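# Observations on chain architecture
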Amino acid sequence: MPVLRSVRERFGAERSLEGVRVGACLHITAETATLMRALAAGGAEVALSAANPFSTQDDVAAALVGDGVVVRGVHGEGRSEYEAHLAALVAWGPQLALDDGADLVGGLHRAGVGDGLLGATEETTTGLVRLRAMERDGTLRCPVVAVNEAITERAFNDRYGTGQSALDGILRATHVLLAGRTVVVLGYGWTGRGIALRARGAGASVVVCEVDPFRALEARMEGFGVMPALDAAERGDVFVTVTGAPKVLTRQHFERMKDGALLANAGHFDVEIDLEALVELATGGVRDVRPLVQQHVLADGRRLNLLAGGRVVNLAAAEGHPPEVMDMSFALQALTVERLVREPRVLEPGVHAVPPETDREVARLKLASLGVEIDALTPEQQDYLHSWAP
Ligand SMILES: NC(=O)c1ccc[n+]([C@@H]2O[C@H](COP(=O)([O-])OP(=O)(O)OC[C@H]3O[C@@H](n4cnc5c(N)ncnc54)[C@H](O)[C@@H]3O)[C@@H](O)[C@H]2O)c1
């Protein structure tokens, strides 16, 4: 994680987080540990609790404890343990909160200490939905920076990180050759764009299904086939839903699909493929043909293969985003924490975008880590571009 490493080196030299208590409710993974170490290098006191009972890597938790970070979380912990860990983190009195699902910010507000926070960051869409609801009803008492909506996060991480890892999940689960097959991508947001791009790179013919005319047009201009999902159902060999919407592939689509079709979902929840309808249609039976591949046999003998039970395929069948992706996300987190500390009480309570300078800084550090240099505007170009004079 070279971007975060460079942030950590600067933090270590400047110590601008000296004595600040940073509480984090994040997945306890090696990538998160790198973020915790960067914050500690800046002088922060850091405490971490698990955002999800199953993502905790116990060896990582132990290593962080050895570094002086207070860690609460154990792999497979139950609901009551999870809540007790979160309550202990709230009681510790963080001045800043790093959140993944808004449980920590919610807990701090329920404890009546939301006003005292310098701010928070949020890593997920789901968390932001909750925080914006708090903002709407006037209960959000601190600034929250929507890290997962930054450009480096959406345009790069979702497109290249999810794009690659979703295909990685499909390939690990099935071992198919994509070249020569038709891959149907349903949803052409940042993630769908990445999946379509990488599927084309692997030699597949790619069809995109969209409901938004701009995005559908963009897909067409990129050279992908664009058509309604019912038409695509007859052509596809591999289907990937990535819309965020429920029941994108339903009985009427399954009825038209070819024998051997693969069905995968890269959207957050397992609602995009109508699993109930698929099972109902499988009057010939459902059987496991490989780990994470369930074959549904239709009345006429056609076999539809569901991957990872319709759960998010890059996490369920592969390893989620590669560390290079989390590197940029967590560098955004670290730089946002620094800003909230350096400029306390500048942002009003509410949900805020990551400032463009921070986004640009992460892109600059990433380029540097790749050894890529770029030009800068000359003073004359600067003047020209910022002047209204003819
Ligand atoms: N697997 C991962 O690691 C990962 C990473 C990022 C996002 N996601 C998830 O992927 C999903 C999409 O994320 P995104 O950032 O690309 O969102 P997005 O909102 O940018 O794009 C979704 C696209 O789907 C389209 N769409 C909605 N309903 C549709 C339908 N019925 N048929 C066809 N198209 C439809 C929308 O018009 C939109 O263009 C979300 O559930 C998100 O949480 C997963």
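In the block above lies the structure referred to throughout.
## Some thoughts on the site of the ligand
Of all residues adjacent to the ligand, which total 24 residues, the nearest are R154, T191, E210, R215 and N314. Interatomic distance of 2.8 Å between a side-chain N/O atom of R215 and an oxygen atom of the ligand. Considering the ligand on its own, with 850 Å² of exposed area, one finds that the protein chains cover 77% of that surface. Among the secondary structure elements, those contributing two or more residues to the shell around the ligand are α7 (151-174) and α8 (190-201). With three residues, the top contributor of residues to the shell around the ligand is α7. Among the residues forming the shell around the ligand, the class breakdown is nine nonpolar, 10 polar and five charged.

## Concerning the sheet that holds strand β5 (residues 119-122)
Pairing is parallel across the open sheet formed by seven strands, whose spatial order is β3-β2-β1-β4-β5-β6-β15. Two strands bound the open sheet, and with one partner strand each, they are β3 (70-72) and β15 (350-353). Recorded for the sheet is a direction-independent mean angle of 20° between the axes of neighbouring strands. Inspection of the sheet shows β5 paired to strand β6 (residues 143-146) by three bridges, in the parallel sense. Opposite T121, over in β6, you have V145 as the bridge partner. Each of β5, β6 and β15 is contacted by helix α6 (residues 125-136), which is oriented at about 130° to β15, the strand it contacts most.

Quick notes on the rules
Residues numbered from 1 in each chain as written. Predicted model: local features only at pLDDT ≥ 70, side-chain atom pairs only at ≥ 80, totals over all residues. Heavy atoms only, no water. Near = heavy atom within 4 Å. Polar contact = N/O pair within 3.5 Å; in protein donor to acceptor, adjacent residues only side chain to side chain. Areas by Shrake-Rupley, 256 points an atom, 1.4 Å probe, with all protein chains shown as cover. Helix = DSSP H or I, 4+ residues; strand = E, 2+ residues; numbered from the N terminus. Nonpolar A, V, L, I, M, F, W, Y, C, P; charged D, E, K, R; others polar. Pairing = 2+ DSSP bridges. Axes fitted to C-alpha atoms, helices over the stretch in contact; angles between N-to-C directions. Contact = heavy atoms within 4.5 Å.

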